[in-house]
Amino acid sequence: MKEQLWKNILLLKEKSPLIHNITNYVVMNNTANALLASGASPVMAHAQAEVENMCSIAQAVVINIGTLDEYWVESMLKTARVAQQNKIPWVLDPVGAGATTYRNKVLSELLALSPQVIRGNASEIIALATQNTSTKGVDSTAESNQAIAAAKQLVKMYACTVCISGATDIIINESTQIQLDNGDPIMEKVTGMGCTASALTAAFCGITSNYFIATTTAMALLGVAGSLAAKKSQGPGSFQVHLLDVLYTITEKEFINNLQLTTYE
Amino acid sequence: MKEQLWKNILLLKEKSPLIHNITNYVVMNNTANALLASGASPVMAHAQAEVENMCSIAQAVVINIGTLDEYWVESMLKTARVAQQNKIPWVLDPVGAGATTYRNKVLSELLALSPQVIRGNASEIIALATQNTSTKGVDSTAESNQAIAAAKQLVKMYACTVCISGATDIIINESTQIQLDNGDPIMEKVTGMGCTASALTAAFCGITSNYFIATTTAMALLGVAGSLAAKKSQGPGSFQVHLLDVLYTITEKEFINNLQLTTYE
Amino acid sequence: MKEQLWKNILLLKEKSPLIHNITNYVVMNNTANALLASGASPVMAHAQAEVENMCSIAQAVVINIGTLDEYWVESMLKTARVAQQNKIPWVLDPVGAGATTYRNKVLSELLALSPQVIRGNASEIIALATQNTSTKGVDSTAESNQAIAAAKQLVKMYACTVCISGATDIIINESTQIQLDNGDPIMEKVTGMGCTASALTAAFCGITSNYFIATTTAMALLGVAGSLAAKKSQGPGSFQVHLLDVLYTITEKEFINNLQLTTYE
């Protein structure tokens, strides 16, 4: 398994898939830079007059509702429809699910358009599955393992891969569950780590049709890179700098030796 | 006084208030990261369909008009109204006040909704008080002490705390004036330092109902952290990295020993 | 020539022109910081209610279509019209030209408003000249010298300076062609380097009416600063930090000694 993930990491640099991002204002720069550092080619485009055009030339799409509004939601729906029609894989990042009724409404419309992967923190995954609206803004108030039942429900309802990210990352599909124990607590003190995870997930969905493994590759890469970067850092500022450096320079040995991965079938 | 400010800094990390930001595109990432590094929990949301919902679960709000447009202005007004009704403190950052007639018009509408704190540079504070339109873009062309009369006028007109930030920060309410001489000239060569100051002000307003002291805490923290970060920096790039690190790691001793604060009653 | 470019670099710090940016969400922060580090005073403003007002107080303008939409396009057109009427120089950055039919349509409307400079990568310059729609997102798939004929065509059609940026930068007007061989491959792994180049071009257009030399100064500064920053970097994260530091601290000796410039008349 670990070797398979590393092969995907090399394949991303080789194929450099075009990833169409409709994401939030806060993280656009970081997301684009994480994609570039990892080998993908990002494009951000949201105009209703061009999203269908842009989506159709992409190898994968990520839709992140972090700073949604009525115009952007329409663009997201248009894009997801084209992705669905053209069998281009798309990843849903349900930022702040449960924080407002508007987010919940938009998310149910997006879910109907069959994302291949959903990645959120535990609070978001629980809110998605239960339509519960008790989350606090965009930060999680639950642990990943508390969201497993909710994630399994989403897998069944939408026939997709679900990733619960946090101190522990859990990736679930119909038959398998993988747990990753990488990363570092400093990652909670940097905005957009989850958004970067979703974008990297889309990147790997752009080079393999096994979306469960694509998601696992993305989370493993970000987790290991995060733990390596944290060791060199004095705080959340230097962490971000080192993270991009490590995503760009990580070696097979660093990746394989540091990866904490458990598979449950 | 210094000990009181330090207690607030600790309290922010303990309480981690949810801060609703309606701010400009240029600084969203920095603002979110500065809030996280200091211990607050930021959320950015501007959709007219959800701002009232989001604002009502926040402990404080910051409204920053840096990259305003007609849609966002409506969202700002909706949010400020909910904040006012629910007695949630809100901070106004009048970026570019005086640069265009549109900004002046929007600012007068926002001021009517009773912000607890106004924080701007000297040019902006003067423009706000005099409706003068002679500022140069978003950078100040005046020194903080030149704006004291204007700030006092705003305090009287809107019954709020006013902070003039710059090489010297001056915080004014009806009875007291505090002057802070911290920071470093490099901070003028980094975009969004004022925006970060406003967001941190909102964060501290989320943990104490003494908004004058909350504002002083924010400015003192950013100023001391800025001067510590500048000492380690080779320019505005490394400064930004160190600033986030210092906001995260600053100790009581570093804070108290470096803080230059003068109170006038 | 090299001394003339250095004098412009000093003049930028002395005059600190106000540069009005209508640019994309991904790079706004980097662009503002690169302008500040180099000595200019950036303002970002896009509201239809204020762009004419803001543009008219600026010394130069940059319009970058990276994350365009219908509202922003209207703002771009309004701004370009005011710039044209008031003889304020403006720079066009045709991000993603050729990627969608919408971008091509918008670009033809903008080109009709006579930018003083067009700066794009080779794919974008070719797409602009030929209305060809075969580019891959926003990254170039061609080398700079493959776009020379297209650039010459644009120079003739729009009586402007054209800059093709990439591993080699080529600046072309009606009589002269300058080639710059600076920079570093890491710059392709950081988002928005081209956008920064366009913004710096606008900055130098704000201090000299020789827009060909202004463009050359911007590209030379960014290229030399990029190669110096790359030497100190471990990847695209630290590169960005060092780049801002070098833009702020670069000396005459560093600039002159490292600059690789060839003129063809």
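Before reading further, recall that the structure is shown in the block above.
Quick look at the structure, then. Source: prediction; values computed, not measured.

Excluding glycine, residues mostly carry a negative phi; peptide bonds, for their part, are mostly trans. Residue and element names in this part refer to chain B. Its identity as a non-glycine residue notwithstanding, A159 has a phi of 50°, on the positive side. Note on placement: A159 falls in the loop between α7 (148-158) and β6 (161-165). Taking relative accessible area as the criterion, A159 reaches 59% and is therefore assigned exposed.

What follows covers the relation of the copies chain A and chain B. For the pair chain A and chain B, the superposition axis carries a translation of 0.0 Å, the fit reaches an RMSD of 0.0 Å, and the rotation angle comes to 120°. The superposition of one copy onto the other is thereby described by a three-fold rotation axis. Proximity to the rotation axis, assessed at the C-alpha, singles out Y25(A) in chain A; its C-alpha lies 3.8 Å from the axis. When the interface residues of chain A are mapped onto chain B, a mere 6% of them are again interface residues, pointing to distinct binding faces.

Next up on the list: the interface of chain A and chain B. Many authors give the size of an interface as the accessible area that is lost as the parts come together. Taken together, the contacts link 31 residues of chain A with 30 residues of chain B. Where chain A abuts chain B, roughly 2400 Å² becomes buried across the two surfaces, and 58% of that area is made up of carbon and sulfur atoms. The interface formed by chain A and chain B contains 1 salt bridge. In this structure, the salt-bridge partner of E50(B) is R103(A), at a minimum N-O distance of 2.7 Å. Listing elements by their share of the side of chain A that touches chain B, those giving two or more residues are α5 (101-111) and α10 (236-249) of chain A. Ranked by the residues each element gives to the side of chain A that touches chain B, the list is headed by α10(A), at 5 residues. Considered class by class, the residues forming the side of chain A that touches chain B number 11 nonpolar, 13 polar and 7 charged.

With that settled, the discussion passes to helix α7 (residues 148-158) of chain A. All names here are of chain A. When α7 is considered as a whole, its buried residues turn out to be I148, A150, A151, L154 and V155. Take α7 and look down its axis: the buried residues cluster within an arc of 160°, on one side only. Seen from the open side of α7, the exposed residues pointing more than 90 degrees away from its buried face are A149 and K156. Looking at the packing, one finds that the buried side of α7 touches α6 (122-130), β6 (161-165), β7 (169-172) and β8 (177-180).

This next bit is on the relation of the copies chain B and chain C. Relating one copy of the chain to the other takes a rotation about an axis and a shift parallel to that axis. Superposing chain B onto chain C requires a rotation of 120° together with a translation of 0.0 Å along the rotation axis, leaving an RMSD of 0.0 Å. Comparing interface residues between copies, only 6% of those in chain B also sit at the interface in chain C, which points to a heterologous contact through distinct surfaces.

Moving on, we come to empty space enclosed by the protein. Taken as a whole and assessed by the stated rule, the structure comprises 3 cavities of 30 Å³ or more. Of the pockets and cavities examined, the largest cavity occupies roughly 840 Å³. Along the wall of the largest cavity there are 46 residues; nearest its centre are N29(A), Q240(A), N29(B), N29(C) and Q240(C). It is helix α10 (residues 236-249) of chain B that contributes the most residues to the lining of the largest cavity, 6 residues altogether. Here the residues of the lining of the largest cavity are counted per class, giving 28 nonpolar, 18 polar and no charged.

All names here are of chain A. Applying the stated rule across the entire model yields 9 salt bridges over all chains. Of the charged contacts, one joins R119 and D93 as a salt bridge, the two residues approaching to 2.9 Å between their closest N and O atoms. Taken together, the residues span a long stretch of sequence, with R119 in strand β5 (residues 117-121) and D93 in strand β4 (residues 90-93) at a distance of 26 residues. Residue classification places R119 among the buried positions, given a relative accessible area of 3%.

Parameters at a glance
- Residues numbered from 1 in each chain as written.
- Chains lettered and ligands numbered in written order.
- Predicted model: local features only at pLDDT ≥ 70, side-chain atom pairs only at ≥ 80, totals over all residues.
- Heavy atoms only, no water.
- Helix = DSSP H or I, 4+ residues; strand = E, 2+ residues; numbered from the N terminus.
- Buried < 20%, exposed > 50% of the residue type's maximum accessible area, 1.4 Å probe, protein only.
- Least-squares fit on C-alpha atoms with pLDDT ≥ 70 in both.
- Contact = heavy atoms within 4.5 Å.
- Buried area = accessible area lost by both parts, 1.4 Å probe.
- Salt bridge = Lys/Arg side-chain N within 4 Å of Asp/Glu carboxyl O.
- Nonpolar A, V, L, I, M, F, W, Y, C, P; charged D, E, K, R; others polar.
- Arc of directions from axis to C-beta.
- 1 Å grid on protein atoms, 1.4 Å probe; cavity = no way out; pocket = protein on both sides within 12 Å on 5 of 7 lines; lining within 4 Å.
- Points joined across faces, edges and corners; volume = space filled by probe spheres on them.

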